[in-house]
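What follows is each chain in one-letter form.
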Amino acid sequence: MTMQANAQRRPPALVAGVWALALLPAAPLTAALASTASAARLENTAWVVERLGDRPPVGGTSLTLRFENGRVAGSDGCNRYGAPVSVRGTTLQVSPRGMSTKMACPPAVMQQAEAFQTALRNSRGFRLGGERLRLLAADGRPLLVLVPQAQQLVGSSWRVAGFNNGRQALVSPILGTSLSVRLLKGNQLAGSAGCNRFTAPVRLEGTRLRIGTPVATRRRCPGAGVMEQEQQFLAALPTAVSLRLEGDSLELRRADGAIALSLRRVPGP
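Only a predicted model underlies this, so the values are computations on that prediction, with no experimental measurement involved.

What counts as what
Residues numbered from 1 in each chain as written. Predicted model: local features only at pLDDT ≥ 70, side-chain atom pairs only at ≥ 80, totals over all residues. Heavy atoms only, no water. Helix = DSSP H or I, 4+ residues; strand = E, 2+ residues; numbered from the N terminus. Buried < 20%, exposed > 50% of the residue type's maximum accessible area, 1.4 Å probe, protein only. Contact = heavy atoms within 4.5 Å. Areas by Shrake-Rupley, 256 points an atom, 1.4 Å probe, with all protein chains shown as cover. pLDDT = per-residue confidence, 0-100. Core = buried A, V, L, I, M, F, W, Y, C linked by side-chain atoms within 4.5 Å. Pairing = 2+ DSSP bridges. Disulfide = S-S within 2.5 Å. Expected span 1.5 Å × (residues − 1). Arc of directions from axis to C-beta. Salt bridge = Lys/Arg side-chain N within 4 Å of Asp/Glu carboxyl O.

### What about the overall build of the chain?
- Scanning the chain from N- to C-terminus turns up 4 helices and 19 strands.
- Every one of the 269 residues in the chain was classed for burial, and the buried ones make up 37%.
- In the chain, the proportion of contacts linking residues at least 24 apart, taken out of those at least 6 apart, comes to 49%.
- Of the roughly 15700 Å² of accessible surface on the chain, 58% is carried by carbon and sulfur atoms.

### A word on the confidence of the model for the chain
- For the chain, the mean per-residue pLDDT works out to 85, and 85% of the residues sit at or above 70.
- Of the regions scoring below 50 in pLDDT, residues 1-35 engages in 3 contacts with residues more than four places distant in sequence or in other chains.

### Focus on the nonpolar core
- Counting 25 residues, the largest nonpolar core has Ile211, Phe233 and Leu252 as its most contacted members.
- Apart from residues no more than four positions distant in its own chain, leucine 252 is found in contact with Leu209, Ile211, Ala240, Ser242, Leu243, Ala258, Ile259, Ala260, Leu261 and Leu263.
- Core analysis: the next-biggest nonpolar cluster, separate from the first, contains 24 residues, Val85, Phe116, Leu120 and Leu144 among them.

### Points about the side chain of serine 242
- Topologically, serine 242 is positioned in strand β17 (residues 242-246).
- Residue contacts for serine 242: discarding those within four places in its chain leaves Thr207, Arg208, Leu209, Glu251, Leu252 and Arg253.

### Comments concerning the side chain of glutamine 112
- Along the polypeptide, glutamine 112 turns up in helix α3 (residues 107-122).
- In this structure glutamine 112 touches Leu52, Pro57, Val58, Thr61 and Leu63, once residues within four positions along its chain are discounted.

### Things to note about the pairing of strand β5 (residues 91-94)
- Of the two faces of β5, only the one carrying Leu92 and Val94 is buried; Thr91 and Gln93 on the other face are not.
- As paired elements, strand β4 (residues 80-88) and β5 share 4 bridges and run antiparallel to each other. Looking at β5, one finds that serine 86 is bridged to glutamine 93.
- Linkage of β4 to β5, two consecutive antiparallel strands, is achieved through a turn of 2 residues, within which glycine 89 is found at a positive phi near 60°.

### Details of the state of the cysteines
- Across all of its chains, the model carries 2 disulfides by this definition.
- Between the sulfur atoms of cysteine 78 and its disulfide partner cysteine 105 the distance amounts to 2.0 Å. Judged by the torsion about the S-S bond (95°), the cysteine 78/cysteine 105 disulfide is right-handed. With a gap of 27 residues between them, cysteine 78 in the loop between β3 (71-75) and β4 and cysteine 105 in the loop between β6 (99-100) and α3 connect regions that are remote in the sequence.
- Overall, cysteine 78 belongs to the buried group, its relative accessible area being 10%.
- Given the relative accessible area of 22%, cysteine 105 is considered partly exposed.
- Across the disulfide from cysteine 195 sits cysteine 221; the S-S distance is 1.8 Å. Disulfide cysteine 195 to cysteine 221: torsion about the S-S bond roughly 80°, handedness right-handed.

### With respect to α3
- Compared with the 22 Å implied by 1.5 Å per residue over 16 residues, the 22 Å span of α3 between its first and last C-alpha is a close match.
- Inspection of α3 places Val109, Gln112, Ala113, Phe116, Gln117, Ala119 and Leu120 among the buried residues, and these make up the whole buried set. Projected onto a plane normal to the axis of α3, the buried residues spread over an arc of 160° and lie on a single side. Turned more than 90 degrees from where α3 packs its buried face, Pro107, Gln111 and Glu114 sit exposed.

### Quick word on the pattern of salt bridges
- Tallied over the entire structure, the rule returns 8 salt bridges.
- Arginine 254 is the salt-bridge partner of aspartate 256, the closest N and O atoms lying 2.6 Å from each other.
- Look at aspartate 256 and you get exposed, because its relative accessible area is 54%.
- On the accessibility criterion, arginine 254 (16% relative accessible area) is buried.
- Several salt bridges converge on common partners, so that one network encompasses Arg244, Glu251 and Arg253.

### Some details on helix α4 (residues 226-236)
- The buried count for α4 comes to 8 of 11 residues, which makes it a mostly enclosed element.
- Turning to α4, its buried residues number three or more, namely Val226, Met227, Gln229, Glu230, Gln232, Phe233, Leu234 and Ala236.

Set out below in C-alpha cells:
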C-alpha cells in the first residue's frame, strides 16, 4: 500500500515539475514580444514636433523625427541630425553619439535646435495616443509632443529653394524669379520654371519617383541668366529618383544621392 501510494503521488509531482519548467520562459518571452511590438510601432514612422516642452516651434521652422533601422533622424529646425536609438517596451533612449550638420541659423532658431537635441538625449520613454507621440523624461514629463508627418503629396504645392545646376552645385533661384512645383492628380507635375509654365509625367512609389521629360511653353523672358536657369531647372527634374519629406521641406535626390531639387511647402490647400 505504501509503495502504491508513493507511486500515485510521484506523477503529479513530476507533472507539476514539467509545468514549472514550461512556464519559466513565458515571462521573458512575453516581455521580449512586447518590446519587439513596441519597437515595431515606431519603426518607419515620421513625426513633426507640435510642442517643445510647453511651447510650439519658432515660426517658419519645422522639427522632425523619423524612426528607421534602429536610428532616429530628421531636422532640428536648423541642421539635419541622426543617432542610434534603443526602444524596449515603453522605454526609449537616443544615443549621445549622434551626428549633425553644422549650418549657422538665427539665434532663436539655434537655441531651439539645442533645446530639441537636449530633449531627445534626455528622453527615457514614450507614449502613443490620440494621434500623438510623446517623448517622456525619466519622471514622466513630456519633453516633446509630435504629430504624424503628412505623407499626402498629390495636390500639394512647393516653392523651389534650390536646384542642381548640372555642375555639381545646388544653387538658389535668381532674385526676383519664382520656381514652383505642384503635384496633380493623374500622375502629373506642373509649375513655373521661372519664365515658362511646364508639365511633366511623374510616377510615385513610396519614396521612389520617376519624372518624365518636362514640356514647357516657349516665352522669352528678359533678365540676366533667367533662361539659362530655366534650362538647368528643367534638366534637373528628370534626374530625381527618390524623395525625402521632412516637415515643410521636400528633397528630390538623384541616383548618386546628390540633391536634384530642394523645395519648401506653400501653405494652403
